[in-house]
Amino acid sequence: MAREANATVERHTIDVIPDDERHGRTRDLFTIWFSANLGPLTMVTGALAPTVFGLSFAWSVLALLVGHLGGGFLMALHSAQGPQLGVPQMIQSRGQFGSTGALAVVLVVVVMYQGFFASNLVLGAQSLEQALPAVPVDAGIALGTAVSLVVTVVGYRLMHGIGRLTTWLFGAVQLVGAAWIAFGGLPAGFLTRGGFSLGGFLGMVSVGVLWQIAYAPYVSDYSRYMPADRAQVRSTLWCTYWGSVLGSVLPMLVGVAVGLAVGGDDPVAAQSQLLGSPLAQITLWSFAAVTMLTNSMNLYGATLCVVTAVQTFAHRWLPGPAVRALLSLALGALSFVLAAAFADFFMASYLNLIYLLQYVLIPWTAINLVDFYLVRHGEYDVPSFFARDGGVYGRWNATALGVYLLGILIEVPFMAQTLYTGPLAHALGDTDLGWLAGLLFTTPVYLYAARRRVRRAAARAASGAAAAPPPYADTH
């Protein structure tokens with residue numbers, strides 16, 4: 001087997017993974033995405049259903065299932081792109097937006113990574129402090145940053161290996177904790193608490209959809225080493241899908257139960273109250289450990305995005321492990337600073353991040369999936385992704401960028417946020433449907449525009465071929 005399959009430290013960054021270096025099993029995609037969702041951030045997000053949106057347990061469960069089952073499929077479709085092209089997701093986006101045009105999305109995704117990294121650091125450090133009071137939050141943030149940095153530097157194989165281990169170990173902790181709460185920790189009248197509102201239900205559906213789509217910009221980074229045969233690609237999709245959906249729904253259901261049973265603005269402490277010692281201690285330790293795995297994935301993706309951004313203007317620059325380590329160190333330090341700033345007002349900042357991502361990622365994911373599956377059917381000129389002038393895709397794709405911008409703008413009247421509520425959202429009872437409007441607009445509009453663009457390019461090519469003399473003609 002080629003060097004990469006046996007290397008301790010990953011050699012590649014954004015360059016194409018050669019066929020003779022492809023390796024791995026698709027079930028590893030199940031474990032890495034299942035385990036990545038077992039952290040405290042997932043549980044805290046589930047608690048939003050009763051504490052922020054006022055939903056009962058039954059309505060919370062339905063909203064979670066609708067959001068995750070739907071959003072998870074979109075996310076898994078991105079994962080299936082990895083084995084077919086062998087490049088990170090943001091490099092592949094050059095096929096839709098052009099080499100320079102893709103920067104608009106790449107920079108948004110870097111902000112997303114940093115936000116999630118900081119959020120996970122805060123919750124992981126708080127979990128560690130509750131389990132071990134002698135370790136203050138700032139020290140926990142520093143420890144989490146350091147461990148995530150080491151895992152990121154080693155790279156792909158270590159992250160998958162940790163995913164396999166933590167799926168069984170911390171998955172069991174989550175299941176035992178969920179069973180303990182369900183059968184012994186819930187107060188009388190639990191199922192009658194909360195209620196229903198259309199805005200609250202759709203708000204929680206939106207959170208579930210976005211939770212899954214937030215993985216879309218880097219999910220294929222963890223499948224790009226897989227062999228590219230058809231059966232493997234299909235298995236890639238479903239292993240990613242069920243790993244991410246099941247890994248998300250389990251902790252979020254616990255969060256719903258905790259939010260209804262105890263309430264308050266600290267779901268992690270509330271869960272510990274319901275579990276009691278020693279199970280609470282074990283759960284808190286598992287939370288702290290899982291955030292380190294999840295954050296290594298965030299840091300890894302952010303590093304690849306920064307390399308992608310720089311390579312846009314230095315097309316021959318394809319760095320190796322040393323540069324990846326230095327960039328990871330710089331981004332990790334930035335996340336440490338952000339986490340320290342987030343710590344005192346975490347929930348409000350986190351909700352603002354969720355809503356921001358909701359508006360900018362939905363049009364991107366629609367364009368990427370429509371182009372890959374319905375316009376080009378997975379056929380891309382991969383060398384053009386790295387060309388100085390963007391190759392056959394050029395530097396700017398005005399069609400994709402225009403539709404992307406319109407997709408964001410069409411969401412504005414449907415927004416229902418603290419800082420702004422659009423007129424259509426207000427008419428619908430302050431129900432936020434921005435993400436749905438963006439998806440329903442962007443998908444058909446980009447499909448029509450892209451197919452029209454392809455037909456025009458084919459017609460120009462045919463016209464040029466007809467005008468040219470045959471290769472055997474006498475042109476003297």
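Residues numbered from 1 in each chain as written. Predicted model: local features only at pLDDT ≥ 70, side-chain atom pairs only at ≥ 80, totals over all residues. Heavy atoms only, no water.

## Details of the overall build of the protein chain
Piece 1. The helix and strand tally for the protein chain stands at 19 helices and zero strands.
Piece 2. The C-alpha atoms of the protein chain give a radius of gyration of 23 Å, which matches the 23 Å a tight globule of 476 residues would have.
Piece 3. If you line up the protein chain on its principal axes, its C-alpha atoms span 95 × 55 × 40 Å.
Piece 4. Each of the 476 residues in the protein chain was classed as buried or not, and the buried ones make up 58%.
Piece 5. Taking the intrachain contacts of the protein chain between residues at least 6 apart in sequence as the baseline, contacts between residues at least 24 apart amount to 85%.
Piece 6. As displayed, the protein chain offers around 18800 Å² of accessible surface, 69% of which is attributable to carbon and sulfur atoms.
Piece 7. The protein chain carries 23 positive and 22 negative side-chain charges, and their two centres are separated by 9 Å. (Helix = DSSP H or I, 4+ residues; strand = E, 2+ residues; numbered from the N terminus. Rg over C-alpha atoms; globule rule 2.2 N^0.38 Å. Buried < 20%, exposed > 50% of the residue type's maximum accessible area, 1.4 Å probe, protein only. Contact = heavy atoms within 4.5 Å. Areas by Shrake-Rupley, 256 points an atom, 1.4 Å probe, with all protein chains shown as cover. Lys, Arg positive; Asp, Glu negative; His and termini not counted. Charge placed at Lys NZ, Arg CZ, Asp CG, Glu CD.)

## Some details on the environment of Thr308
Piece 1. In this structure, Thr308 sits in helix α14 (residues 279-311).
Piece 2. Taking the C-alpha atoms as reference points, Thr308 and Met90, separated by 218 residues in sequence, lie 7.3 Å from one another.
Piece 3. Aside from chain neighbours lying at most four places away, what touches Thr308 is Ile14, Met90, Ile91, Arg94 and Val106.

## Things to note about the nonpolar core
Piece 1. By size, the foremost hydrophobic cluster in this structure holds 124 residues, and its most contacted members are Trp33, Phe97, Met112, Met204 and Tyr222.
Piece 2. At 15 residues, helix α8 (residues 103-131) tops the list of elements feeding residues into this core.
Piece 3. Not counting residues within four places of it along the chain, the set of residues in contact with Phe97 comprises Ala102, Val105, Trp364, Ile367, Arg395, Trp396, Asn397, Ala400, Leu401 and Tyr404. (Core = buried A, V, L, I, M, F, W, Y, C linked by side-chain atoms within 4.5 Å.)

## Remarks on the pattern of salt bridges
Piece 1. Summed over the entire model, instances satisfying the criterion amount to five salt bridges.
Piece 2. Ionic pairing is found between Glu10 and Arg224, a salt bridge with its closest N-O pair at 3.2 Å. With Glu10 in the loop between α1 (3-6) and α2 (27-36) and Arg224 in the loop between α11 (198-213) and α12 (230-261), the pair connects residues that are 214 residues apart, well separated along the chain. Residue Glu10 shares its accessibility class with Arg224, and that shared class is buried.
Piece 3. Among the salt bridges present, the one from Glu21 reaches Arg11, with a minimum N-O distance of 2.8 Å. (Salt bridge = Lys/Arg side-chain N within 4 Å of Asp/Glu carboxyl O.)

## What about the packing of helix α3 (residues 40-51) against α8?
Piece 1. Axis separation between α3 and α8 bottoms out at 9 Å; the angle between their running directions is 95 degrees. What the angle tells us is that α3 and α8 run roughly perpendicular. The residues of α8 that touch α3, namely those facing Pro40, Leu41 and Val44, are Phe116, Ser119, Asn120, Leu123, Gly124 and Ser127.
Piece 2. Of the residues that constitute the contact of α3 with α8, the class distribution is five nonpolar, four polar and no charged. (Axes fitted to C-alpha atoms, helices over the stretch in contact; angles between N-to-C directions. Parallel < 35°, antiparallel > 145°, perpendicular 65-115°, else oblique. Nonpolar A, V, L, I, M, F, W, Y, C, P; charged D, E, K, R; others polar.)

## Comments concerning helix α13 (residues 267-275)
Count 3.6 residues to each turn of an α-helix, and residues three or four apart come out pointing the same way.
Piece 1. The buried count for α13 comes to seven of nine residues, which makes it a mostly enclosed element.
Piece 2. Here α13 has its buried residues at Pro267, Val268, Ala270, Gln271, Ser272, Leu274 and Leu275.
Piece 3. The secondary structure elements touched by the buried residues of α13 are α3, α8, α10 (156-185), α12 and α14.
Piece 4. Of the residues one or two after α13, Gly276 is the one with positive phi, at around 75 degrees.

## Description of α14
Piece 1. When the terminal C-alpha atoms of α14 are compared, their 48 Å separation across 33 residues agrees well with the 48 Å that a helix rising 1.5 Å per residue should span.
Piece 2. Of all 33 residues making up α14, 28 are buried, and the element is well covered by its neighbours. (Expected span 1.5 Å × (residues − 1).)

## Digging into the packing of aromatic side chains
Two descriptors summarise a pair of aromatic rings, namely the distance from one centre to the other and the angle between the planes of the rings.
Piece 1. Enumeration over the complete set of coordinates arrives at 24 aromatic pairs.
Piece 2. Summarising the aromatic geometry, the rings of Trp33 and Tyr222 are spaced 5.8 Å apart at their centres and angled 85 degrees between planes, so their arrangement reads as edge-to-face. You can see Trp33 sitting in helix α2 and its partner Tyr222 sitting in the loop between α11 and α12, a full 189 residues away along the chain. The same class applies to Trp33 as to Tyr222, namely buried.
Piece 3. Where Tyr380 meets Tyr393, the ring centres are 6.1 Å apart and the plane angle is 45 degrees; that geometry is what we call tilted. With Tyr380 in the loop between α16 (346-375) and α17 (398-411) and Tyr393 in the loop between α16 and α17, this pair connects stretches of sequence that are 13 residues apart.
Piece 4. Note on Tyr380: relative accessible area 11%, which makes it buried. (Phe/Tyr/Trp six-rings, centres within 6.5 Å; stacked < 30°, edge-to-face > 60°.)

## Description of the environment of Asp430
Piece 1. Here Asp430 shows up in the loop between α18 (423-427) and α19 (434-467).
Piece 2. For Asp430, a relative accessible area of 42% gives the class partly exposed.
Piece 3. Once residues within four sequence positions are removed from consideration, Asp430 is found in contact with Ala416, Thr421 and Ala425.

## Observations regarding unusual backbone geometry
With glycine set apart, most residues show a phi of negative sign, and most peptide bonds adopt trans.
Piece 1. The omega torsion across Ser277 and Pro278 is 5 degrees, close enough to zero to call that bond cis.
Piece 2. The residue Pro278 is located in the loop between α13 and α14 in this model.
Piece 3. Its identity as a non-glycine residue notwithstanding, His377 has a phi of 55 degrees, on the positive side.
Piece 4. Inspection of the secondary structure assignment puts His377 in the loop between α16 and α17.

## Considerations on the confidence of the model for the protein chain
Piece 1. The predicted model of the protein chain averages 87 in pLDDT, with 93% of residues at 70 or higher.
Piece 2. By mean pLDDT, α1 is the weakest element of the protein chain at 49, and helix α4 (residues 57-79) is the strongest at 95. (pLDDT = per-residue confidence, 0-100.)

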